[in-house]
Amino acid sequence: MKTLADKLTRDEPLRPGHPLCPGCPGGLMLRWVSKSLGRDSICNVGATCLAIATMVYPHSLAVPCLYIAMAPSPAGMAGTSAALKVLQRKGRLPAGRKIHSFAVSGDGSAGDIGLAALSGAAERNDDGIYFVFDNEAYMNTGIQRSGCTPQYSWTTSTLQGKPERKKDLPRIVAAHDVPYVATVSLAYPEDFLAKVDKARDMEPGFKYVHVHSPCPTGWRFPENKTIEVARLAVETGLWILYEVDHGEMRITQRPARRRPVEDYLRLQGRFSGLSQENVRRLQESVDRKWAELGL
Amino acid sequence: MGSRKMLTGNYAAAHGARLARVEVAPVYPITPQTHIMEKMAEFIESGALDAEFVAVESEHSALAVAIAAQATGARTFTATSGQGLVYMHENLFVASGIRLPIVMVIVSRALGAPTSICPDLADALDQRDTGWIQLHVENAQEALDMVIQAYRIGEDKRVLLPVAVCFEGIIVSHYLEPVELPDQARVDRFLPPYRPEHVILHPDRPMAVGQVVMDDAYYTEYRFQQQEAMERAKEVIGQVDELFGRTFGRRYGGLLSAEMMDGAEVALLTLGSLAATARSVVERLRREEGRPIGLIKLRAVRPFPDEALRELLSGLKAVAVLERDVSIGAGGVVYTELCRSLAAGPGPAPRLINYIMGLGGRDVTLEEIRDIALAVLDQREAAAVSQPVRWPQVRGLK
């Protein structure tokens, strides 16, 4: 049987020594993404914890990275792609050399302050793969609510729990009819890599990969539980792994039997104040979503 | 030789970008700039220009696309006005901090409120602290020529800074003027392709561009180097103008244009299209009445030509600074900058009187400027200036 290690290249574009928090899945994500895309790639970095690994000297990612500002990483990716296209057409870069343009950004950057830029790049079908590192709050600034923070979650700006629901960013992007949208989890590396490889090998256009990214610091769970929390999100049905390939939606990992959401919630301090009533409401909303999807 | 055409300032600027062979053009529509965007789209769609047009969803993204494209190695161009410019404001600092010689045309438009599509230079002058070279022109020909010069200036290895070419909306952007279109082959000789060595996103030479510097690590040195580059730009702007003159037969004076200053005791100092009106007034006063007055047309607001102005103004008795902008609570931006230039000496500075005029596109007539010129000539021996900041066009208020 081929293991994950056999499938991945031995090259390590993510150098050792990144300064992310202990237990942060960002290093893992960057490692897999950079192994899939290879060194012939250019990264536009949005505001995200991952900027710590990519943009602080001595930076850890051995591919060129650009940080412009909090909002415009989709525009940055578009600018890089436009330049690559014209420079290859004019022969200033070798035409046969495929250089991947991609971006990584946080959920607040992609879904709140940069939503117009994301929508613009998606609507124009600008070339590149856009990765959202969704740790469900503004984590670099110290755990403030974002549009992607789930309902009832504690943050430093929602002390009683966030009243509103999580913004469904992948669905918003899919509504732009882009070639590819995928949700991934760090607990499912084969699914993760199959989707990144697929996006990489597609024709030019906008591809979107949304990474559910448990954050020990902000979600209040022990730093050795990151993958367990990530897996429980999928097993409870709170985080659904799917892809939309040219308009065709497909669930890629279906839990044999959905576990109760409480199994996921009780590992995390951010949900410690949750009433049984609210746990029930969350369970109902997950059940409803799965019913809507006909699952 | 080139060909002659009737062009608006906007179309002339777009032709400048075409002749400069820009490679990526992200532009968002806004009155009075929109014709530049339309012309760029047309040039690229028709094949007259081999470039990528990016129909961005905002000005903020326009400059972000330009930054990333330029950092990836392409020559980029954008244009905007008024609200669009202040919407992209944060990215202006990024472009200069990364040292990307992007060229942007600013078609000045008054900032709301109240909303107006007519000119006021406050939008451009508000960007003076962003690290961009800022050049002001008075007509369509100068707009075209300066877009070409701007690339040569910004891409000079002694400079490596973004450049804004500014002119007033409606007045310059929308009126037709005869313009000489330079020959492409000559422009190509004047302006070689962009070959960046300092900053380039290329897999063979991975670097983090726009990186985070923790604590105060090298932040000061970044800023100091930008300041030094801006100082060096003073010389480069003059040299590029000279070379342009030798190549195309038109010179503008570089940082500023001092006109009819022989024997002058008084000068009108202004920028943009007001210079054309002021020139007519000064010409007549000298020719018909023999009055000792001259004209200084300020062309560069950044770098501000401190030394050149000090030298020019040191022998004068009084200078009227006419400008279409105001920094509310201080006076005109050029006037306040000039006070700073002259404070360093040497010798006694001339009396400065600041006239705030033409805001929101209000017409500035020959008669109004003549009245100002005569008043300054009359008061040139006065011991002190009362009311140094004047609003001669305010009406209907007590």
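In case you missed it, the structure is sitting above this.
Residues numbered from 1 in each chain as written. Chains lettered and ligands numbered in written order. Predicted model: local features only at pLDDT ≥ 70, side-chain atom pairs only at ≥ 80, totals over all residues.

Topic: the overall build of chain A
Inference 1: Summing up its helical and strand segments, chain A has twelve helices and eight strands in all.
Inference 2: Compactness check: chain A gives a C-alpha radius of gyration of 19 Å against a globular reference of 19 Å for 295 residues, within 12% of the reference.
Inference 3: Taking the principal axes of its C-alpha atoms as reference, chain A extends roughly 65 × 45 × 40 Å.
Inference 4: The buried share of chain A, reckoned over its 295 residues, is 52%.
Inference 5: Partitioning the intrachain contacts of chain A with sequence separation of at least 6 by distance along the chain shows that 68% fall at a separation of at least 24. (Helix = DSSP H or I, 4+ residues; strand = E, 2+ residues; numbered from the N terminus. Rg over C-alpha atoms; globule rule 2.2 N^0.38 Å. Buried ≥ 20, exposed ≤ 12 C-beta atoms within 10 Å, placed from the backbone. Contact = placed C-beta atoms within 7 Å.)

Focus: the packing of helix α3 (residues 59–71) of chain B against helix α5 (residues 89–97) of chain B
Residues and elements named next belong to chain B.
Inference 1: As a packed pair, α3 and α5 sit with axes 9 Å apart at the nearest point and diverge in direction by 15°. By the criterion of interaxial angle, the relationship of α3 to α5 is roughly parallel. Note on packing geometry: the crossing formed by α3 with α5 is left-handed. Where α3 approaches α5, its residues H60, L63, A64 and I67 are matched on the opposing element by N91, L92, V94 and A95.
Inference 2: Of the residues belonging to the contact of α3 with α5, the class tally is six nonpolar, two polar and no charged. (Axes fitted to C-alpha atoms, helices over the stretch in contact; angles between N-to-C directions. Parallel < 35°, antiparallel > 145°, perpendicular 65-115°, else oblique. Left-handed = near helix turned anticlockwise from the far one by under 90°. Nonpolar A, V, L, I, M, F, W, Y, C, P; charged D, E, K, R; others polar.)

Here's the deal with the interface of chain A and chain B
Inference 1: Between chain A and chain B, the contact holds 39 residues from the first and 36 residues from the second.
Inference 2: Those elements that place two or more of their residues in the side of chain A that touches chain B are β1 (41–45), α3 (50–55), β2 (65–67), α4 (73–89) and α6 (115–124) of chain A.
Inference 3: The dominant element in the side of chain A that touches chain B, judged by the number of residues it contributes, is α4(A), at eleven residues.
Inference 4: Split into classes, the residues belonging to the side of chain A that touches chain B amount to 25 nonpolar, nine polar and five charged.
Inference 5: Across two bridges, β2(A) lies against strand β9 (residues 208–209) of chain B in parallel orientation. Each bridged residue has a counterpart across the sheet, and for L66(A) the counterpart in β9(B) is V209(B). (Pairing = 2+ DSSP bridges.)

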